[in-house]
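# Secondary and tertiary structure notes
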Amino acid sequence: QSDIHRIAFFSTATNVSLDNRASPPKLCNLIGGKLVDSRSDVFIDVINPATQEVVSQVPLTTSDEFKAAVNAAKHAFPSWKNTPVTSRQRIMFKLQELIRRDMDKLALNITTEQGKTLRDAQGDVFRGLEVVEHACGMATLQTGEFVQNVSNGIDTYSIREPLGVCAGICPFNFPAMIPLWMFPMAATCGNTFVLKPSEKDPGASMMLAELAMEAGLPDGVLNIVHGTNDVVNHICDDEDIKAISFVGSNTAGMHIYARAAAKGKRVQSNMGAKNHAVVMPDANIDATLNSLVAAGFGAAGQRCMALSTVVFIGDLKPWEEGLRERAEQLKVNAGTEPGTDLGPVISKQAKERICRLITSGVESGARLVLDGRKFEVPNYKNGNFVGPTILSDVMSDMECYKEEIFGPVLLCMQAESLDAAIKLVNNNKYGNGTSIFTTSGAAARKFQAEIEAGQVGINVPIPVPLPFFSFTGNKASFAGDLNFYGKAGVQFYTQVKTVTSQWKDLPSQGVSLAFPTSQ
Ligand code: NAD
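Residues numbered from 1 in each chain as written. Predicted model: local features only at pLDDT ≥ 70, side-chain atom pairs only at ≥ 80, totals over all residues. Heavy atoms only, no water.

Moving on, we come to the pairing of strand 16 (residues 409-415). Counting buried residues in strand 16 gives six out of seven residues, a clear majority hidden from the surface. In this structure, strand 13 (residues 307-313) lies alongside strand 16, joined through five bridges in parallel fashion. Note that in strand 16 the partner of Phe 312 across the bridge is Gln 414. Note that strand 15 (residues 389-392) and strand 16 share three bridges and pair parallel. Residue pairing across strands places Thr 389 opposite Val 409, the latter belonging to strand 16. (Buried < 20%, exposed > 50% of the residue type's maximum accessible area, 1.4 Å probe, protein only. Helix = DSSP H or I, 4+ residues; strand = E, 2+ residues; numbered from the N terminus. Pairing = 2+ DSSP bridges.)

Take a look at the structure:
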């Protein structure tokens, strides 16, 4: 175990020694710049998925504690809103420097709580860091519009203003990147924030909040409350929260979207996925196979942009052997072990669910090309490991196809033409990402034009856009209309005020009750 778990964000009321397994450290909430012990009597274990050791415990925050966090954010808002955007940006410049400084610590925390490999955990931090870098240009991103002399002596201009208190609700699979999609953009726009990390791996959020405070973020601008459904429902219902950013499953996302919208809040909700790769017969064989294996099994398939289904145009058999050979060579082990390609899945329940969906695929007629269900890692017998699994001859009515598996399972399908493959992808309810592998520009162009998914890769396996664009899932993968980060992210965290001003010498024209028209 590492020293990172001994740092300050644990409750002082507990024995902070991880050697004493009987009393794992309890996480604090962050309220108004102070780490506050929760008075909750219910705590849930954060479990290392490779070992089952209890890393820490998170409180189910009480409603009073939640309200205290919202009040702290509300109290901090007026002066933060009036802090010059250049000063807010400077804090982000400092934050990105501190994240780089602590990259290894953050990655180790992620691997310990979430399971992914250290290298992948660094990628998790890095893709979030890029959003912090993006927020450093907020003055330019937030510029308004001006039209001079819309009428005689009258000018009109628009200003983007922050909303007030915003909130973020995070999933387990990117413990650093997703909080960093949220609070840096929201705060640099001038909002204050209440963050609810995933209860499965909250450590990275706490470390990032500490870094934000070290960078100079004033007390109350970023608050953290822990918990599960109850605290999420409080966030949806609270009158003082103006907007919610959510990333996670469809069950939670649609509930939050409906409940918060009924209270008049803005919501951006990024949800589940079933991402297809479409492989044309002319695709570069080696590069395509390498991409498919990396995008299917990376992070043990627990990425919302994982390519979990491959549709081969024509005969899939020539590809199948190449996929199996590569997948068999992947090293499954604890994420902290050198050379590991994929770590454990997040929980015992997740492993059971993944194995159940593989079994249901076999029972409904899919061919098991590679079976990872009984995978054991010698030094980590208790880990939630699932080895790379390939199911072939999968049909679209099978449960394993219809459900998001979110594990290291690659489904192989066949389509007789590009048109048939496009139809198959478009019939799927999700629309997060998709990729085509081909050497034909015409096929790629047709695919890009006709495919109904929000993020399209052309010979690129995981086309997650960099922060100067936005993360643009569609169909059942997204609810809302303003996406995360990029221009849309700024629009989400701001509202437009339009000002019409008249500065001219005013000769008396008498009283006119007619509706003003431009002169
Ligand atoms: P999850 O929905 O179980 O949890 C996400 C958050 O919602 C957590 O903070 C959790 O406490 C809360 N929550 C869960 N159930 C709730 C309920 N019934 N009521 C209120 N709150 C609830 O998701 P997860 O398992 O942590 O994450 C995996 C999912 O997230 C996958 O479906 C994946 O595709 C999706 N995801 C999507 C994106 C994207 O950008 N589209 C990115 C990452 C993950």
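It is worth spelling out the pairing of strand 11 (residues 266-270) at this point. Counted residue by residue, strand 11 has four buried out of five residues, so it is predominantly covered. Inspection of the sheet shows strand 10 (residues 241-247) paired to strand 11 by five bridges, in the parallel sense. Residue pairing across strands places Val 247 opposite Asn 270, the latter belonging to strand 11. Following the backbone out of strand 10, through helix 9 (residues 250-261) and into the adjacent parallel strand 11, one traces a crossover that is right-handed. By the bridge criterion, two bridges tie strand 11 to strand 21 (residues 478-479) in an arrangement that is antiparallel. Looking at strand 21, one finds that Asn 270 is bridged to Phe 478. (Right-handed = clockwise from strand over helix to strand, strands pointing away.)

Moving on to the packing of aromatic side chains. Under the criterion given, the structure shown has eight aromatic pairs. Ring plane angle 85° and centroid distance 5.9 Å describe the contact between Phe 172 and Phe 406, whose orientation is recorded as edge-to-face. Residue Phe 172 is found in the loop between strand 7 (165-169) and helix 6 (177-188), and its partner Phe 406 is found in the loop between helix 13 (399-402) and strand 16; the two are separated by 234 residues along the sequence. There is no split in this pair, since Phe 172 and Phe 406 are both buried. Between Trp 181 and Phe 484, the ring centres sit 5.3 Å apart and the planes meet at 50°, which makes this aromatic pair tilted. Here Trp 181, found in helix 6, pairs with Phe 484, found in the loop between strand 21 and helix 16 (486-492); they are 303 residues apart in sequence, far enough to count as distant. Accessibility assignment for this pair places Trp 181 and Phe 484 in one class, buried. Through a chain of ring-to-ring contacts, the aromatic side chains of Trp 181, Phe 471, Phe 484 and Tyr 485 assemble into a single cluster. We note Arg 88 situated over the ring of Trp 80; from NZ or CZ to the ring centre the distance is 5.9 Å. (Phe/Tyr/Trp six-rings, centres within 6.5 Å; stacked < 30°, edge-to-face > 60°. Lys NZ or Arg CZ within 6 Å of the ring centre and 35° of its normal.)

Sequence positions flagged by UniProt for "domain: Aldehyde dehydrogenase" (unreviewed entry) are, in local numbering, residues 37-499. End-to-end, the C-alpha atoms of residues 37-499 are 46 Å apart, and along that stretch the chain is 40% helix and 22% strand. (UniProt positions renumbered as here; feature names shortened; annotations may be inferred.)

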